[in-house]
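So you can see what is in the structure, the chains are spelled out below.
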Amino acid sequence: MLEGKKILLGVTGSIAAYKSVVLLRLLKKEGAEVKVLMTPGATEFIAPLTFSTLSKGPVLTGIIDDNNWNNHVELGRWADVMIIAPATCNTLAKMATGICDNLLLAVYLSAKCPIIISPAMDEDMWLHPATKSNVAWLKQFGHQVLQVTHGELASGLIGEGRMAEPEDILKFVIDRKNASGRLQGKKALVTAGPTYEHLDPVRFIGNHSSGKMGIAIANALQREGALVTLITGPMYEPVNESFTRHNIISAEEMLNKTKELLTDNDIIVMAAAVADYRPATLAAEKIKKRDDKFSFDLVKTTDILQYIGDTKRNDQVVVGFALETTNGKENALSKLEKKKADMIVLNELAEGVGFGADSNQVTIFEKGGKEISFQKKRKDQVAVDIVNEIIKYRNENNIL
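All figures in this text were calculated on a predicted structure; none of them were measured in a lab.

1. Quick notes on the nonpolar core
In step 1: In terms of nonpolar packing, the biggest core is built from 37 residues, with I217, L221, V269 and I386 touching the most fellow members.
In step 2: Apart from the residues lying within four places of it in its own chain, the contact partners of V269 are L189, V190, T191, I217, L221, V319, F321 and I390.
In step 3: Core analysis: the second largest hydrophobic core is formed by 32 residues, V11, A17, I83 and V173 among them.

Now the structure itself:
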């Protein structure tokens with residue numbers, strides 16, 4: 001599936017370099033032409049001969065090798081994609097600040113292709129504010145930074161910091177290659193899952209949203225080239241590790257995080273099932289079962305979609321969702337107008353669709369009166385339909 005693709009594989013000085021050997025074999029098996037770059041530190045973990053044998057070509061480790069100059073500019077322009085795996089804490093810092101003290105970094109700074117980064121380090125290093133800042137800068141540059149995984153680390157501790165598995169990196173490369181790129185360079189913010197509104201330290205008001213629809217939309221947006229940020233409520237749905245993800249609990253937390261990220265995104269899809277009400281008071285301790293009846297007051301949460309509609313720019317596209325049990329079209333159209341959204345996706349609860357199900361059936365209402373109905377489909381297929389309509393809407397309204 002990668003026939004004809006030219007890939008630079010950068011390997012830095014981490015014990016996880018052994019995974020890069022497997023990644024190289026997988027890339028070659030898919031038909032890619034791969035050139036390997038190693039930092040001096042990487043050669044302390046894996047011999048260049050190993051990569052040379054598998055890549056069927058020389059491994060480049062220095063600006064000058066055997067009295068020959070390795071043209072970093074030419075290498076940077078040669079590749080269709082550059083993968084840096086593993087990327088150490090040290091390398092991330094240098095990439096974020098433009099330090100160029102080895103061949104890999106020189107090629108990185110010369111590259112005109114997409115950059116995919118798979119970090120690897122101990123948990124304390126990964127969670128350090130300096131590393132978080134460097135990763136944020138690299139994402140701001142438009143690079144794809146894959147999420148580290150949880151497990152046993154070289155230190156012997158258990159935690160976050162493991163390099164993504166080679167099979168997952170390969171899948172990400174293939175998915176990106178198959179994308180049409182119609183949203184290349186655009187940023188998308190997607191909310192997914194439920195919110196929980198606590199009554200006491202133990203109990204909460206919530207809903208049955210699984211987050212599947214929101215995650216499917218995020219995946220579809222990414223396949224079109226968008227740089228996706230997720231805000232997710234409490235949920236267990238697997239999430240692509242390349243997304244920038246913010247976990248929240250309550251409607252207020254989702255509102256605050258949305259406000260923080262809103263202006264930096266071109267497309268906003270509010271697929272989360274946000275609670276309309278929350279308990280008026282939060283008990284400091286667990287409420288004991290005493291009386292036969294128990295009641296409490298509820299107050300409205302802030303309407304996040306309304307806030308976005310009131311503050312959005314003309315060059316932003318805002319998509320809301322309406323889950324209805326009766327008068328679906330009437331309620332969706334009312335929501336579209338009142339919330340000042342560009343599109344409302346209506347889905348009505350029925351057997352085999354909606355919360356927790358793998359399928360959905362939607363009707364999209366657009367500002368301007370357009371109505372598009374779709375048959376029942378898997379949620380990943382519904383997501384493609386929704387993203388296609390977002391792209392059409394942007395084109396038809398000259399939103400560049």
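There's more to say after this.
2. Section: the pattern of salt bridges
In step 1: Applying the stated rule across the entire model yields 18 salt bridges.
In step 2: With a closest N to O distance of 3.6 Å, K370 and E396 form a salt bridge. Here K370, found in the loop between β21 (362-366) and β22 (371-373), pairs with E396, found in helix α13 (residues 379-396); they are 26 residues apart in sequence, far enough to count as distant.
In step 3: Judged by its relative accessible area of 33%, K370 is partly exposed.
In step 4: Across the pair K377 and D385 runs a salt bridge, and its minimum N-O distance is 2.7 Å.

3. Remarks on the packing of helix α4 (residues 89-97) against helix α7 (residues 129-140)
In step 1: Their axes nearest at 9 Å, the elements α4 and α7 cross at an angle of 50 degrees. Regarding the angle of α4 to α7, the classification is oblique. Between α4 and α7 lies a crossing whose hand is left-handed. Residues C89, L92, A93, M95 and A96 of α4 pack against T131, N134, V135, W137 and L138 of α7.
In step 2: Partitioned by chemical class, the residues of the contact of α4 with α7 number 8 nonpolar, 2 polar and no charged.

4. With respect to the side chain of Q306
In step 1: Its location among the elements puts Q306 in helix α11 (residues 304-311).
In step 2: With a relative accessible area of 16%, Q306 lands in the buried category.
In step 3: Look past the residues within four positions of Q306 in its chain and what remains in contact with it is K338 and K339.

5. Some points on the sheet that holds strand β2 (residues 33-38)
In step 1: Taken in spatial order, the 5 strands make up an open sheet running β2-β1-β5-β6-β7, and their pairing is parallel. A single partner strand is all that each edge strand has here, and the edge strands are β2 and β7 (144-145).

6. Thoughts on the packing of aromatic side chains
In step 1: Counted according to the given criterion, the structure contains 3 aromatic pairs.
In step 2: On the numbers, 3.8 Å between centres and 15 degrees between planes, the contact of Y196 with F204 is stacked.
In step 3: An angle of 40 degrees between the planes, with centres 5.7 Å apart, marks the rings of F294 and F296 as tilted.
In step 4: F294 gets classed as exposed once you look at its relative accessible area, which sits at 52%.
In step 5: Take F296: its relative accessible area is 36%, and that puts it in the partly exposed class.
In step 6: When the ring centre of W78 is taken as origin, the NZ or CZ atom of K35, which lies over that ring, is 4.4 Å away.
In step 7: Positioned over the ring face of Y307 is K259, at 5.0 Å from the centre of the ring.

7. Let's talk about the sheet that holds strand β19 (residues 343-348)
In step 1: Pairing in this open sheet of 8 strands is mixed, and the strands run β14-β13-β10-β15-β18-β19-β21-β22 from one edge to the other. Of all strands in the sheet, those bounded by a partner on one side alone are β14 (244-247) and β22. Strand-to-strand twist across the sheet, computed as the mean angle between neighbouring axes with direction ignored, equals 15 degrees.
In step 2: Pairing of β21 with β22, which is carried by 3 bridges, proceeds in the antiparallel orientation. Residue F365 lies in a different strand from β22, and its bridge partner there is E371.
In step 3: Helix α9 (residues 212-223) rests against β10 (187-192), β13 (227-232), β15 (267-270) and β18 (317-324) of the sheet, and its axis sits at about 165 degrees to β10.

8. Description of the packing of helix α10 (residues 251-261) against α11
In step 1: Taken N-terminus to C-terminus, the directions of α10 and α11 make an angle of 20 degrees; their axes are 10 Å apart at the nearest point. It follows that α10 is roughly parallel to α11 by the angle criterion. The element α10 and its partner α11 pack so that their crossing is right-handed. Every residue of α11 that contacts α10 at A251, M254, L255, T258 and K259 is listed here: I304, Y307 and I308.
In step 2: Along the lines of polarity and charge, the residues of the contact of α10 with α11 split into 6 nonpolar, 1 polar and 1 charged.

9. Some thoughts on a nonpolar patch on the surface
In step 1: Together, Y277, F294, F296 and L298 line one region of the surface with nonpolar side chains, adding up to about 400 Å² of accessible area.
In step 2: Mapped onto the secondary structure, F294 falls in the loop between β16 (277-279) and β17 (298-300).

10. Some thoughts on the side chain of S250
In step 1: Position of S250 relative to the elements: it lies in the loop between β14 and α10.
In step 2: Setting aside residues no more than four positions away along its own chain, S250 makes contact with T195, Y196 and E197.

The rules behind the values
- Residues numbered from 1 in each chain as written.
- Predicted model: local features only at pLDDT ≥ 70, side-chain atom pairs only at ≥ 80, totals over all residues.
- Heavy atoms only, no water.
- Core = buried A, V, L, I, M, F, W, Y, C linked by side-chain atoms within 4.5 Å.
- Buried < 20%, exposed > 50% of the residue type's maximum accessible area, 1.4 Å probe, protein only.
- Contact = heavy atoms within 4.5 Å.
- Salt bridge = Lys/Arg side-chain N within 4 Å of Asp/Glu carboxyl O.
- Helix = DSSP H or I, 4+ residues; strand = E, 2+ residues; numbered from the N terminus.
- Axes fitted to C-alpha atoms, helices over the stretch in contact; angles between N-to-C directions.
- Parallel < 35°, antiparallel > 145°, perpendicular 65-115°, else oblique.
- Left-handed = near helix turned anticlockwise from the far one by under 90°.
- Nonpolar A, V, L, I, M, F, W, Y, C, P; charged D, E, K, R; others polar.
- Pairing = 2+ DSSP bridges.
- Phe/Tyr/Trp six-rings, centres within 6.5 Å; stacked < 30°, edge-to-face > 60°.
- Lys NZ or Arg CZ within 6 Å of the ring centre and 35° of its normal.
- Patch = residues over 30% accessible without salt bridge, like charges linked within 9 Å, V, L, I, M, F, W, Y side chains within 5 Å.
- Areas by Shrake-Rupley, 256 points an atom, 1.4 Å probe, with all protein chains shown as cover.

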